[in-house]
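# Results of the structural survey
Listed below are the residues making up each chain.
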Amino acid sequence: MPTGDLIRNAMQGGAKQLGAWVNMESPIATEIMAGAGFDFIMIDQEHGPGDALSAITQLQAIRSGGTETAMMRVRDNDTQFIKKALDTGIDGIMVPLVETAEAASQVVAACRLPPLGVRGIAPGNVRAARYGYEKDAFIRNRGEDVLVLSQVETEETVGNLSDIGGVEGIDVLFIGRNDLSSSIDRLHDQTSAEARDLLDEAERRIRESGRLLGGIPAPFDSPTAMFERGYDMVLAVADHALLRDAAVAAVASFRPA
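Residues numbered from 1 in each chain as written. Predicted model: local features only at pLDDT ≥ 70, side-chain atom pairs only at ≥ 80, totals over all residues. Heavy atoms only, no water.

### Let's talk about the pairing of strand E5 (residues 147-152)
- Counting buried positions along E5 yields six of six residues, so the element is predominantly enclosed.
- Neither face of E5 is exposed, since Leu147, Leu149 and Gln151 on one face and Val148, Ser150 and Val152 on the opposite face are all buried.
- Of the pairings in the sheet, the one linking E5 to strand E6 (residues 172-175) comprises four bridges and is parallel in character. Bridging across to E6, Ser150 finds its partner in Leu173. (Buried < 20%, exposed > 50% of the residue type's maximum accessible area, 1.4 Å probe, protein only. Helix = DSSP H or I, 4+ residues; strand = E, 2+ residues; numbered from the N terminus. Pairing = 2+ DSSP bridges.)

Here you go:
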(Lines give C-alpha, C1' and ligand atoms only; values in the text may rest on other atoms or scores of the structure.)
Protein backbone atom coordinates (compact mmCIF):
# COMPACT_ATOMS: atom_id res chain seq x y z
CA MET A 1 0.00 0.00 0.00
CA PRO A 2 1.24 3.54 -0.74
CA THR A 3 2.60 5.59 2.16
CA GLY A 4 2.78 9.02 0.54
CA ASP A 5 0.69 10.46 3.35
CA LEU A 6 3.60 9.86 5.74
CA ILE A 7 6.06 12.06 3.82
CA ARG A 8 3.28 14.63 3.29
CA ASN A 9 2.67 14.81 7.03
CA ALA A 10 6.41 14.99 7.72
CA MET A 11 6.89 17.96 5.40
CA GLN A 12 3.81 19.73 6.72
CA GLY A 13 5.38 19.31 10.14
CA GLY A 14 8.57 21.01 8.97
CA ALA A 15 10.78 18.04 8.10
CA LYS A 16 12.96 18.62 5.03
CA GLN A 17 13.17 15.76 2.53
CA LEU A 18 16.32 14.90 0.60
CA GLY A 19 15.85 12.73 -2.48
CA ALA A 20 17.63 11.10 -5.41
CA TRP A 21 16.71 10.31 -9.00
CA VAL A 22 17.07 6.82 -10.43
CA ASN A 23 17.22 7.11 -14.22
CA MET A 24 19.08 3.93 -15.17
CA GLU A 25 16.09 1.58 -14.68
CA SER A 26 18.54 -0.80 -13.00
CA PRO A 27 17.24 -2.58 -9.89
CA ILE A 28 20.82 -3.08 -8.74
CA ALA A 29 21.67 0.61 -9.03
CA THR A 30 18.35 1.49 -7.39
CA GLU A 31 19.02 -0.87 -4.48
CA ILE A 32 22.44 0.71 -3.97
CA MET A 33 20.94 4.22 -4.03
CA ALA A 34 18.26 3.18 -1.53
CA GLY A 35 20.91 1.94 0.86
CA ALA A 36 22.43 5.41 1.17
CA GLY A 37 19.67 6.76 3.42
CA PHE A 38 17.83 9.34 1.31
CA ASP A 39 14.34 10.30 2.40
CA PHE A 40 12.85 9.46 -0.99
CA ILE A 41 13.79 7.97 -4.34
CA MET A 42 12.29 9.25 -7.60
CA ILE A 43 12.01 6.81 -10.51
CA ASP A 44 12.17 8.88 -13.70
CA GLN A 45 9.93 7.65 -16.48
CA GLU A 46 9.66 10.97 -18.28
CA HIS A 47 13.27 10.98 -19.47
CA GLY A 48 14.16 7.48 -18.30
CA PRO A 49 13.59 4.36 -20.45
CA GLY A 50 11.36 2.41 -18.08
CA ASP A 51 7.87 0.96 -18.08
CA ALA A 52 5.45 -0.38 -15.45
CA LEU A 53 7.28 -3.69 -15.08
CA SER A 54 10.69 -2.07 -14.62
CA ALA A 55 9.11 0.31 -12.10
CA ILE A 56 7.94 -2.65 -10.03
CA THR A 57 11.43 -4.17 -9.99
CA GLN A 58 12.83 -0.81 -8.90
CA LEU A 59 10.20 -0.48 -6.17
CA GLN A 60 11.18 -3.92 -4.91
CA ALA A 61 14.81 -2.82 -4.95
CA ILE A 62 13.98 0.34 -2.96
CA ARG A 63 12.18 -1.70 -0.30
CA SER A 64 15.08 -4.15 -0.20
CA GLY A 65 17.78 -1.51 -0.03
CA GLY A 66 16.32 1.00 2.41
CA THR A 67 13.29 2.69 3.92
CA GLU A 68 12.86 5.56 1.45
CA THR A 69 9.55 6.79 0.12
CA ALA A 70 9.29 5.57 -3.48
CA MET A 71 8.02 7.96 -6.15
CA MET A 72 7.75 8.12 -9.92
CA ARG A 73 7.84 10.92 -12.46
CA VAL A 74 5.51 9.95 -15.28
CA ARG A 75 5.88 10.92 -18.92
CA ASP A 76 2.93 13.35 -19.07
CA ASN A 77 -0.50 14.26 -17.71
CA ASP A 78 -2.26 11.22 -19.13
CA THR A 79 -5.01 9.65 -17.01
CA GLN A 80 -4.44 6.12 -18.28
CA PHE A 81 -0.67 6.26 -17.87
CA ILE A 82 -1.02 7.73 -14.37
CA LYS A 83 -3.37 4.86 -13.47
CA LYS A 84 -0.81 2.34 -14.71
CA ALA A 85 1.92 4.05 -12.68
CA LEU A 86 -0.19 4.18 -9.51
CA ASP A 87 -1.11 0.50 -9.84
CA THR A 88 2.57 -0.35 -9.28
CA GLY A 89 2.19 0.82 -5.67
CA ILE A 90 4.32 3.95 -5.73
CA ASP A 91 4.00 6.34 -2.77
CA GLY A 92 4.08 9.54 -4.81
CA ILE A 93 3.69 10.70 -8.38
CA MET A 94 5.28 13.64 -10.18
CA VAL A 95 3.57 14.99 -13.29
CA PRO A 96 5.53 17.25 -15.68
CA LEU A 97 4.37 20.39 -17.46
CA VAL A 98 1.19 21.14 -15.51
CA GLU A 99 0.54 24.70 -16.69
CA THR A 100 -3.03 25.47 -15.57
CA ALA A 101 -5.44 24.85 -12.71
CA GLU A 102 -7.53 22.74 -15.08
CA ALA A 103 -4.54 20.51 -15.83
CA ALA A 104 -3.75 20.27 -12.11
CA SER A 105 -7.34 19.19 -11.43
CA GLN A 106 -6.92 16.47 -14.06
CA VAL A 107 -3.82 15.22 -12.25
CA VAL A 108 -5.65 14.96 -8.93
CA ALA A 109 -8.66 13.29 -10.53
CA ALA A 110 -6.38 10.70 -12.15
CA CYS A 111 -4.90 9.86 -8.74
CA ARG A 112 -8.15 9.54 -6.78
CA LEU A 113 -10.73 6.77 -6.81
CA PRO A 114 -14.39 7.64 -7.43
CA PRO A 115 -16.19 9.63 -6.19
CA LEU A 116 -13.08 11.75 -5.47
CA GLY A 117 -11.66 11.24 -8.97
CA VAL A 118 -11.76 9.13 -12.10
CA ARG A 119 -9.03 6.57 -11.45
CA GLY A 120 -9.96 3.13 -12.71
CA ILE A 121 -9.70 0.44 -10.07
CA ALA A 122 -8.94 -3.28 -9.87
CA PRO A 123 -8.29 -3.77 -6.15
CA GLY A 124 -8.03 -7.53 -6.43
CA ASN A 125 -5.36 -7.33 -9.13
CA VAL A 126 -2.86 -4.54 -8.57
CA ARG A 127 0.32 -4.28 -6.56
CA ALA A 128 -0.93 -1.02 -4.96
CA ALA A 129 -3.49 -3.17 -3.11
CA ARG A 130 -0.98 -5.99 -2.59
CA TYR A 131 -2.77 -7.99 -5.28
CA GLY A 132 -5.96 -8.03 -3.24
CA TYR A 133 -4.53 -8.74 0.20
CA GLU A 134 -5.24 -5.14 1.19
CA LYS A 135 -8.09 -4.30 -1.16
CA ASP A 136 -10.35 -3.01 1.63
CA ALA A 137 -7.75 -0.45 2.73
CA PHE A 138 -7.04 0.42 -0.89
CA ILE A 139 -10.71 1.23 -1.49
CA ARG A 140 -11.07 3.06 1.81
CA ASN A 141 -8.07 5.34 1.14
CA ARG A 142 -9.40 6.38 -2.31
CA GLY A 143 -5.86 7.22 -3.44
CA GLU A 144 -5.38 9.92 -0.83
CA ASP A 145 -2.32 8.06 0.47
CA VAL A 146 -0.44 9.06 -2.73
CA LEU A 147 1.71 12.22 -2.61
CA VAL A 148 0.95 14.37 -5.67
CA LEU A 149 3.68 16.56 -7.17
CA SER A 150 2.92 19.03 -9.96
CA GLN A 151 5.87 20.40 -11.94
CA VAL A 152 6.40 24.10 -12.59
CA GLU A 153 8.36 24.29 -15.82
CA THR A 154 7.26 27.31 -17.87
CA GLU A 155 6.78 31.04 -17.55
CA GLU A 156 3.06 30.50 -18.20
CA THR A 157 2.86 28.10 -15.26
CA VAL A 158 4.44 30.67 -12.95
CA GLY A 159 1.76 33.15 -13.94
CA ASN A 160 -0.92 30.60 -13.07
CA LEU A 161 0.53 29.44 -9.75
CA SER A 162 -2.09 31.13 -7.58
CA ASP A 163 -4.80 29.15 -9.35
CA ILE A 164 -2.81 25.92 -9.54
CA GLY A 165 -1.94 26.18 -5.85
CA GLY A 166 -5.64 26.45 -5.08
CA VAL A 167 -6.37 22.99 -6.48
CA GLU A 168 -7.14 20.66 -3.57
CA GLY A 169 -5.07 17.50 -3.76
CA ILE A 170 -1.89 19.05 -5.20
CA ASP A 171 0.65 18.52 -2.43
CA VAL A 172 3.92 19.79 -3.89
CA LEU A 173 4.66 22.37 -6.57
CA PHE A 174 8.02 21.20 -7.91
CA ILE A 175 10.18 23.55 -9.97
CA GLY A 176 11.96 22.07 -13.00
CA ARG A 177 14.60 24.75 -13.41
CA ASN A 178 15.98 23.57 -16.76
CA ASP A 179 12.62 23.74 -18.52
CA LEU A 180 11.73 26.90 -16.65
CA SER A 181 14.84 28.66 -17.97
CA SER A 182 14.30 27.15 -21.40
CA SER A 183 10.80 28.66 -21.57
CA ILE A 184 12.41 32.13 -21.67
CA ASP A 185 15.40 31.05 -23.81
CA ARG A 186 17.85 31.10 -20.90
CA LEU A 187 18.71 27.40 -20.66
CA HIS A 188 22.28 28.25 -21.66
CA ASP A 189 22.61 30.85 -18.88
CA GLN A 190 20.58 30.07 -15.78
CA THR A 191 22.57 32.61 -13.78
CA SER A 192 21.20 35.43 -15.94
CA ALA A 193 19.01 38.04 -14.27
CA GLU A 194 16.01 36.89 -16.29
CA ALA A 195 16.35 33.25 -15.27
CA ARG A 196 16.99 34.05 -11.62
CA ASP A 197 14.08 36.50 -11.47
CA LEU A 198 11.70 33.90 -12.89
CA LEU A 199 12.94 31.28 -10.42
CA ASP A 200 12.57 33.74 -7.54
CA GLU A 201 9.03 34.56 -8.64
CA ALA A 202 8.12 30.88 -8.87
CA GLU A 203 9.46 30.22 -5.39
CA ARG A 204 7.60 33.22 -3.96
CA ARG A 205 4.29 32.32 -5.57
CA ILE A 206 4.53 28.71 -4.41
CA ARG A 207 5.19 29.78 -0.82
CA GLU A 208 2.24 32.18 -1.02
CA SER A 209 0.01 29.38 -2.32
CA GLY A 210 0.53 27.35 0.84
CA ARG A 211 1.70 24.31 -1.13
CA LEU A 212 4.94 22.50 -0.42
CA LEU A 213 7.96 23.60 -2.48
CA GLY A 214 10.25 21.19 -4.29
CA GLY A 215 13.09 21.50 -6.76
CA ILE A 216 16.42 20.45 -8.21
CA PRO A 217 19.83 22.04 -7.44
CA ALA A 218 22.32 23.56 -9.85
CA PRO A 219 26.10 24.05 -9.68
CA PHE A 220 25.48 27.59 -8.39
CA ASP A 221 22.58 26.62 -6.08
CA SER A 222 23.18 23.75 -3.67
CA PRO A 223 20.56 21.62 -1.88
CA THR A 224 21.70 23.21 1.37
CA ALA A 225 21.05 26.71 0.01
CA MET A 226 17.68 25.60 -1.31
CA PHE A 227 16.59 24.17 2.04
CA GLU A 228 17.69 27.37 3.73
CA ARG A 229 15.59 29.32 1.20
CA GLY A 230 12.44 27.43 2.15
CA TYR A 231 12.37 24.33 -0.03
CA ASP A 232 10.59 21.36 1.57
CA MET A 233 12.08 18.71 -0.73
CA VAL A 234 15.09 18.61 -3.02
CA LEU A 235 16.16 15.96 -5.53
CA ALA A 236 19.90 16.31 -5.02
CA VAL A 237 21.59 13.65 -7.17
CA ALA A 238 20.96 11.00 -9.83
CA ASP A 239 22.29 7.46 -10.19
CA HIS A 240 23.67 7.88 -13.72
CA ALA A 241 25.33 11.22 -12.88
CA LEU A 242 27.06 9.80 -9.81
CA LEU A 243 28.38 6.90 -11.90
CA ARG A 244 29.44 9.19 -14.75
CA ASP A 245 31.21 11.69 -12.50
CA ALA A 246 32.97 8.97 -10.51
CA ALA A 247 34.15 7.31 -13.73
CA VAL A 248 35.51 10.58 -15.10
CA ALA A 249 37.25 11.32 -11.80
CA ALA A 250 38.80 7.85 -11.72
CA VAL A 251 40.23 8.22 -15.21
CA ALA A 252 41.62 11.66 -14.37
CA SER A 253 43.17 10.38 -11.14
CA PHE A 254 44.63 7.05 -12.21
CA ARG A 255 45.64 7.36 -15.88
CA PRO A 256 49.44 7.27 -16.09
CA ALA A 257 51.06 10.53 -17.07
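### Digging into empty space enclosed by the protein
- Following the criterion strictly, the structure yields two cavities of 30 Å³ or more and no others.
- Forming the walls of the largest cavity are Arg177, Leu180, Ser181, Ile184, Gln190, Ala195, Arg196, Leu198, Leu199 and Phe220.
- Those elements that provide at least two residues to the lining of the largest cavity are helix H9 (177-182) and helix H10 (193-209).
- Tallying contributions element by element places H10 first for the lining of the largest cavity, with four residues.
- For the lining of the largest cavity, the per-class residue count stands at six nonpolar, two polar and two charged.
- Counted as a void, the second largest cavity has a volume near 30 Å³.
- Of the residues assigned to the lining of the second largest cavity, the class counts are four nonpolar, one polar and three charged. (1 Å grid on protein atoms, 1.4 Å probe; cavity = no way out; pocket = protein on both sides within 12 Å on 5 of 7 lines; lining within 4 Å. Points joined across faces, edges and corners; volume = space filled by probe spheres on them. Nonpolar A, V, L, I, M, F, W, Y, C, P; charged D, E, K, R; others polar.)

### Concerning unusual backbone geometry
- For the bond running from Pro114 to Pro115, omega is 10 degrees, close enough to zero to count as cis.
- Counting through the fold element by element, Pro115 comes out in the loop between helix H5 (101-111) and helix H6 (135-141).
- One non-glycine residue, Arg130, lies in the positive phi region at around 50 degrees.
- Inspection of the secondary structure puts Arg130 in the loop between H5 and H6.
- At Asp185, a residue that is not glycine, the phi angle is positive and equals roughly 60 degrees.
- Relative to the helices and strands, Asp185 is located in the loop between H9 and H10.

### So, the layout of surface pockets
- In this structure, the largest pocket spans a volume of roughly 620 Å³.
- Lining the largest pocket are 29 residues, with Trp21, Asn178, Ile216, Pro217 and His240 positioned closest to its centre.
- Residue assignment for the lining of the largest pocket shows that the elements contributing at least two residues are H9, strand E8 (233-238) and helix H12 (239-254).
- Element by element, the count of residues in the lining of the largest pocket is highest for H12, at five residues.
- Each residue belonging to the lining of the largest pocket can be placed in one class, and the counts come to 13 nonpolar, nine polar and seven charged.
- Volume-wise, the second largest pocket comes out at about 220 Å³.
- Residues belonging to the lining of the second largest pocket are distributed by class as follows: four nonpolar, three polar and six charged.

### Let's talk about the pairing of strand E7 (residues 212-215)
- Neither face of E7 is exposed, since Leu212 and Gly214 on one face and Leu213 and Gly215 on the opposite face are all buried.
- One crossover worth recording links E7 to the parallel E8 by way of helix H11 (residues 223-228), and it is right-handed. (Right-handed = clockwise from strand over helix to strand, strands pointing away.)

### Digging into the sheet that holds E8
- Pairing is parallel in the closed barrel, where eight strands are placed in the order E1-E2-E3-E4-E5-E6-E7-E8. Direction aside, the axes of adjacent strands within the sheet are offset by 25 degrees on average.
- Along the sheet, helix H1 (residues 4-12) makes contact with strand E1 (17-22), strand E2 (40-44), strand E3 (69-73), E5, E6, E7 and E8, crossing E5 at roughly 65 degrees. (Axes fitted to C-alpha atoms, helices over the stretch in contact; angles between N-to-C directions. Contact = heavy atoms within 4.5 Å.)

### Observations concerning the nonpolar core
- Val74, Ile82, Ile93 and Ile175 are the most contacted members of the largest nonpolar core, which totals 48 residues.
- Of the residues forming this core, the biggest block, six residues, is contributed by H5.
- Counting 16 residues, the second largest nonpolar core, distinct from the first, contains Met71, Val172, Leu212 and Ala238. (Core = buried A, V, L, I, M, F, W, Y, C linked by side-chain atoms within 4.5 Å.)

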